Amino acid sequence: VGVIMETQLTPDGCKLLMANPVPGMPLPVLQVADHKVLDAKDARARVLFSDGVHILTVLYALSGLQADQHLRNGDIVQVQTWACTADFKMTVLHYFTKVVSEAAPIGDPRIKLRSAGATQATPGDSQAQGAAPVNPFAAQAANLGSAPSNPFVSPAAAAAASPHNPFASPVAAAPPVNPFAGQSAASPAPHNPFASSAMSNGSLSNNPFPPTNPSSGQFGATTAPTAGGPTPRGLPLSHGASRAAPYAGRPVARNDGDLITPIHALNLYVGKWKIKGRLSWKSDRRTFRNARGEGQMFSADVTDKDNGVVRVVFFGDSVDKFFPNLHQGKVYTFARGQVKVANKKFAPNADHEITFDGNAQIEEADDDASIAQQSYKFVPISEVENKDVNALVDIAAVVRDMGEESMITIRSSGLEKKKRSLVLLDESNTTIELTLWGDKCNLLNNVAPNPVIFVKDARVSEFNGGKTLGTGWSTQLEFNPDHEKSFGLKAWYQTVGVSTSTKQLSMAPGGARMRNSVLDLHEENKYIGLQGENGQVRDSNYHVIRAIILHIPHERPPYYMSCPQDVPKSAAQQRADDRSPQAQQQTRKCMKKVENLGGMWSCAEGHQSPDPVPRYLLNLTLHDHSGQVYVTAFDEVGAKILGMDAGQLHEKYLNKDNDEEGYDRVFSEATFQQAVFKLRSKKDSRYEEEKVKVVVQDMYAMNHADECKAMLKGLEDAGIRCS
């Protein structure tokens with residue numbers, strides 16, 4: 001016959017939560033009597049805990065909890081870390097683990113413990129007759145005294161039990177006592193499992209919770225303050241009493257004599273805290289402009305020894321003070337900042353972030369080998385397919401293919417940025433494209449073929465129905481890292497991965513992928529603007545085709561004269577740019593079309609300039625075996641197609657009357673060349689007529705080896721094996 005063991009709640013467990021935890025204190029097992037969300041926006045909730053006899057109200061933060069971690073009535077949990085507010089009127093829950101979900105009520109909890117320390121009892125209860133609840137940690141003491149509202153210091157032996165002391169003795173004639181003080185000339189109270197006898201001279205050698213000397217920085221040291229000296233809360237302390245440990249109200253880890261708060265224990269309710277960690281990433285200094293004027297900021301990630309990570313942000317004067325002195329890879333302690341709910345737009349995986357001003361307290365600490373240089377939470381590439389767009393993921397993979405480096409002009413800002421695409425493969429036999437931007441392209445200059453890459457905070461994007469990865473300002477890359485996982489990936493690729501069949505989540509530039517045809521493009525563009533099976537409206541399509549340039553009309557100049565005026569960037573453009581020195585400029589080129597007004601050129605914004613800049617607006621016809629399509633190429637792609645920039649072509653056009661053959665030769669040499677084109681199709685509703693406009697986003701020269709791989713891959717996908 002099987003026996004079902006009933007989960008036991010910790011006797012007087014609610015009372016444990018009414019004081020700050022100290023080393024050696026048991027972790028109470030309690031039951032949820034009631035639960036209510038107080039503020040969904042700020043992610044705060046209230047829970048009523050029961051130990052079978054008492055009920056205590058506790059606050060906790062919902063942010064960071066998984067769906068199965070949310071509390072429900074009847075849940076039995078073990079409280080791991082908690083803290084009391086400075087006035088001991090409220091307890092804040094930091095961390096807990098579920099033991100049983102939605103169990104039947106245990107016991108008959110009738111005594112409601114007030115957060116301030118007093119109790120209420122229902123009529124008829126044994127403790128309703130003016131007596132305070134039993135303190136499981138009480139210890140008898142004599143000749144000790146303190147202000148009656150201080151729960152850590154005993155009052156005079158002759159004083160009556162204080163209604164404000166949550167650990168007061170239930171005997172009315174007995175004095176309230178310090179729950180962590182040693183016993184003096186008295187045997188332990190029978191209800192205190194942690195009390196211990198002391199020598200008649202008041203020594204605390206056998207007390208598992210001896211008072212702390214703040215100046216010594218170690219538990220167990222005693223103090224001998226002068227009579228009338230202040231207690232930690234400024235109350236007089238009688239001779240012989242001891243002083244409570246500062247910062248004892250938080251889950252702490254002692255390191256080099258300091259009380260350190262684990263990063264995972266930070267929340268909106270923690271007042272004073274101090275974290276210690278390694279600066280695993282640091283951004284560049286950025287300037288910005290908003291309604292309040294210009295400002296500056298920088299960000300960093302701090303990792304502690306428990307692999308907790310938090311984003312720290314500095315604004316204003318704190319940038320000048322701390323930016324030159326914080327170095328990536330070094331260990332620091334941080335205090336006096338404000339814990340806030342993380343901005344999910346910039347840190348989607350974080351629950352909290354810390355902002356610092358000029359009053360921050362930051363000190364460099366000795367290097368700690370227990371703190372990792374970087375904290376990764378690797379995700380198999382196969383799981384990226386199910387990730388939301390803009391999610392951040394950590395990837396460990398082998399670089400199977402590398403695209404060529406190219407220069408892209410960002411239309412929103414007019415700035416040129418370097419771009420390079422990689423195809424990543426991991427042991428899930430899945431590939432995905434990773435796009436590098438700006439200075440991150442330089443990291444590949446001295447890297448051998450097929451390196452192992454660790455990517456921190458790659459941003460998930462969607463492209464042509466598949467998933468891709470991009471790099472942002474917080475993305476970090478490591479090639480061939482000295483790590484056990486790196487060695488395993490390298491060995492796997494050399495023995496298995498180099499020849500394995502793979503699933504592709506995204507298309508690679510010029511890589512081994514079956515191309516779309518022009519007919520495919522036309523068929524798929526019929527569904528632009530229509531609702532798909534997933535309920536979303538498709539607003540654009542992306543295709544990669546291998547085609548021939550059939551015709552480039554050039555009777556009129558295939559470019560326009562643009563405004564060269566510098567204009568301020570919008571906030572969205574600043575966020576979109578990478579953090580290269582060039583991108584940190586606060587202006588961009590206007591680039592609007594200008595008209596000649598008697599020697600001065602003027603745009604629709606009213607800017608005037610004597611020297612406009614030519615920019616390509618190139619129309620061309622692409623053709624393959626299935627049909628043809630009319631496309632438009634802008635400045636940077638037009639320069640690739642014609643082999644010269646728009647300014648050089650403008651000079652030839654002005655000299656057309658003298659050298660028409662030379663002008664025509666530019667277009668004849670570009671015609672009938674075969675290349676790989678990356679296209680974007682989107683509906684355009686100009687002039688009250690709606691039609692699909694196809695724009696060339698990039699063009700690659702034909703790489704016949706890659707194209708052969710693409711065709712072989714297409715045959716394999718169709719079930720045809722090629723030997």
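Just so we're clear, the structure is a prediction, and the values are computed from it rather than from any experiment.

## Re the overall build of the protein
Piece 1. Helix and strand counts for the protein come out as 10 helices and 40 strands.
Piece 2. Scored against the burial criterion, the 723 residues of the protein give a buried share of 48%.
Piece 3. For the protein, the proportion of contacts with a sequence separation of at least 24, taken over those separated by at least 6, is 62%.
Piece 4. On the protein, roughly 35,800 Å² of surface is accessible, and the fraction owed to carbon and sulfur atoms is 50%.

## Focus: the environment of Asp367
Piece 1. Relative to the helices and strands, Asp367 resides in the loop between strand E21 (361–364) and helix H3 (381–384).
Piece 2. Residues Asp367 and Val331 lie 36 residues apart in sequence; the distance between their C-alpha atoms is 5.7 Å.
Piece 3. Discounting chain neighbours no more than four positions away, the residues touching Asp367 are Arg278, Gly329 and Val331.
Piece 4. Within polar-contact distance, the side chain of Asp367 engages the side chain of Arg278 at 2.8 Å.

## Observations concerning the environment of Leu326
Piece 1. Looking at the element boundaries, Leu326 is found in the loop between helix H2 (317–322) and strand E18 (331–335).
Piece 2. Residues in contact with Leu326, not counting those within four places in the same chain, are Leu279, Lys282, Phe298, Phe314, Tyr332 and Ile362.

## Focus: the packing of aromatic side chains
Piece 1. Applying the stated criterion to the full structure yields 16 aromatic pairs.
Piece 2. With centroids separated by 6.4 Å and ring planes inclined at 65 degrees, the aromatic side chains of Trp273 and Phe356 adopt a geometry described as edge-to-face. Of the two residues, Trp273 sits in the loop between strand E13 (258–260) and strand E14 (274–282) while Phe356 sits in strand E20 (residues 352–356), which places them 83 residues apart along the sequence. The same class applies to Trp273 and to Phe356, which are both buried.
Piece 3. Pairwise contacts between aromatic rings join Trp273, Phe298, Phe314, Phe322, Phe323, Tyr332, Phe334 and Phe356 into one cluster.
Piece 4. Arg286 extends its terminal NZ or CZ atom over the ring of Trp473, reaching a point 4.9 Å from the ring centre.
Piece 5. One residue, Lys640, lies across the ring of Tyr700, its end atom 5.9 Å from the ring centre.

## Section: the nonpolar core
Piece 1. Counting residues in hydrophobic clusters, the biggest one holds 36 residues, and the most contacted among them are Leu622, Ile641, Leu642 and Phe677.
Piece 2. Sequence-distant contacts of Ile641, defined by excluding residues within four places in its chain, comprise Ile549, Ile552, Leu618, Leu620, Ala633, Ala670, Gln673 and Met699.
Piece 3. Ranked by size, the runner-up nonpolar core spans 24 residues in total, among them Ala43, Ala45, Phe49 and Val79.

## Overview of the pattern of salt bridges
Piece 1. On inspection of all chains with the given rule, the structure shows 17 salt bridges.
Piece 2. With a shortest N-O distance of 3.7 Å, Asp12 and Lys15 are connected by a salt bridge.
Piece 3. Asp635 is paired through a salt bridge with Arg615; the nearest N and O atoms lie 3.7 Å apart. Linking Asp635 in helix H7 (residues 635–642) with Arg615 in strand E37 (residues 613–624), this pair joins segments that are 20 residues apart in sequence.
Piece 4. On the basis of relative accessible area, Asp635 is assigned to the buried category, the value being 18%.

## Overview of the pairing of E37
A regular strand places its side chains so that they alternate between the two faces of the sheet.
Piece 1. The pairing of strand E30 (residues 540–551) with E37 spans 3 bridges and is classified as antiparallel. Bridge assignment links His551 to a residue of E37, and that residue is Thr621.
Piece 2. Relative to E37, strand E31 (residues 559–562) runs antiparallel, the two sharing 4 bridges. Among the inter-strand pairings, Tyr560 is bridged to a residue of E37, identified as Arg615.
Piece 3. The pairing of E37 with strand E38 (residues 627–634) spans 8 bridges and is antiparallel. Residue pairing across strands places Leu620 opposite Val631, the latter belonging to E38.
Piece 4. Taking the residues that link successive antiparallel strands as the turn, the E37-E38 hairpin has 2 residues.

## Overview of the side chain of Ser474
Piece 1. Relative to the elements of secondary structure, Ser474 occurs in the loop between strand E27 (466–470) and strand E28 (476–479).
Piece 2. In contact with Ser474, not counting residues within four places along its chain, are Trp281, Arg311, Lys456 and Asp457.

## So, helix H4 (residues 484–495)
Piece 1. In a regular helix each residue adds 1.5 Å, so 12 residues correspond to 16 Å; H4 covers 17 Å between its end C-alpha atoms and thus fits that length.
Piece 2. By the burial criterion, the buried members of H4 are Ser486, Leu489, Trp492 and Tyr493. End-on, the buried residues of H4 take up no more than an arc of 130 degrees, which puts them together on one face. Exposed side chains of H4 directed beyond 90 degrees from the buried face belong to Glu484, Gln494 and Thr495.
Piece 3. On its buried side, H4 packs onto strand E22 (392–402), strand E24 (416–425) and strand E26 (452–463).

## Observations concerning the confidence of the model for the protein
Piece 1. On average, residues of the protein carry a pLDDT of 75, and 70% of them reach 70 or more.
Piece 2. Note on residues 115–257: pLDDT is under 50 here. Beyond four places in sequence and across chains, it has 283 contacts.
Piece 3. Here residues 508–513 is a poorly scored stretch, pLDDT under 50, and it has 19 contacts once near neighbours within four places are set aside; other chains count.

## Some points on the sheet that holds strand E34 (residues 594–597)
Remark on secondary structure: sheet strands pair via backbone hydrogen bonds, oriented parallel or antiparallel.
Piece 1. Here we have 3 strands laid out as an open sheet, ordered E34-E35-E36, and antiparallel in their pairing. Only two strands of the sheet have a single neighbouring strand rather than two, namely E34 and strand E36 (608–609).
Piece 2. Two elements, strand E35 (residues 600–603) and E36, share 2 bridges in a ladder whose sense is antiparallel. Paired with Trp601 across the two strands is Ser609, which belongs to E36.

## Points about the packing of helix H8 (residues 646–654) against helix H9 (residues 660–670)
Piece 1. Interaxial distance between H8 and H9 falls to 8 Å at its minimum, and their mutual angle equals 140 degrees. Relative to H9, the element H8 is oriented oblique. For the pair H8 and H9, contact is made by Leu649, Lys652 and Tyr653 and by Tyr663, Val666 and Phe667, respectively.
Piece 2. Residues of the contact of H8 with H9, tallied by class, amount to 5 nonpolar, no polar and 1 charged.

## A look at the state of the cysteines
Piece 1. For the structure on display, the rule yields 0 disulfides.
Piece 2. Unpaired in terms of disulfides, Cys590 finds its nearest cysteine sulfur in Cys563, a separation of 4.0 Å.

## Re a nonpolar patch on the surface
Piece 1. On the surface, Leu712, Leu715 and Ile720 cluster together into a nonpolar patch covering about 240 Å² of accessible area.
Piece 2. With respect to the helices and strands, Leu712 occurs in helix H10 (residues 704–717).
Piece 3. Take Leu712: its relative accessible area is 41%, and that puts it in the partly exposed class.

## Digging into helix H5 (residues 518–525)
Piece 1. Turning to H5, its buried residues number three or more, namely Val518, Leu521 and Asn525. Buried residues of H5 fall within an arc of 55 degrees about the axis and therefore sit on the same side.
Piece 2. In this fold, the buried residues of H5 make contact with E30, E37, E38, strand E39 (674–684) and strand E40 (691–701).

## Thoughts on unusual backbone geometry
Trans is the prevailing form of peptide bonds, just as negative phi is the prevailing case for residues other than glycine.
Piece 1. With phi around 50 degrees, Glu102 is a residue other than glycine that occupies positive phi space.
Piece 2. Tracing the backbone shows Glu102 in the loop between strand E5 (91–100) and strand E6 (111–113).
Piece 3. Classification of Glu102 as exposed rests on a relative accessible area of 54%.
Piece 4. A positive phi angle, near 55 degrees, is found at Asn429, a position not held by glycine.
Piece 5. The topology assignment puts Asn429 in the loop between E24 and strand E25 (430–437).

Each value, and the rule that gives it
Residues numbered from 1 in each chain as written. Predicted model: local features only at pLDDT ≥ 70, side-chain atom pairs only at ≥ 80, totals over all residues. Heavy atoms only, no water. Helix = DSSP H or I, 4+ residues; strand = E, 2+ residues; numbered from the N terminus. Buried < 20%, exposed > 50% of the residue type's maximum accessible area, 1.4 Å probe, protein only. Contact = heavy atoms within 4.5 Å. Areas by Shrake-Rupley, 256 points an atom, 1.4 Å probe, with all protein chains shown as cover. Polar contact = N/O pair within 3.5 Å; in protein donor to acceptor, adjacent residues only side chain to side chain. Phe/Tyr/Trp six-rings, centres within 6.5 Å; stacked < 30°, edge-to-face > 60°. Lys NZ or Arg CZ within 6 Å of the ring centre and 35° of its normal. Core = buried A, V, L, I, M, F, W, Y, C linked by side-chain atoms within 4.5 Å. Salt bridge = Lys/Arg side-chain N within 4 Å of Asp/Glu carboxyl O. Pairing = 2+ DSSP bridges. Expected span 1.5 Å × (residues − 1). Arc of directions from axis to C-beta. pLDDT = per-residue confidence, 0-100. Axes fitted to C-alpha atoms, helices over the stretch in contact; angles between N-to-C directions. Parallel < 35°, antiparallel > 145°, perpendicular 65-115°, else oblique. Nonpolar A, V, L, I, M, F, W, Y, C, P; charged D, E, K, R; others polar. Disulfide = S-S within 2.5 Å. Patch = residues over 30% accessible without salt bridge, like charges linked within 9 Å, V, L, I, M, F, W, Y side chains within 5 Å.

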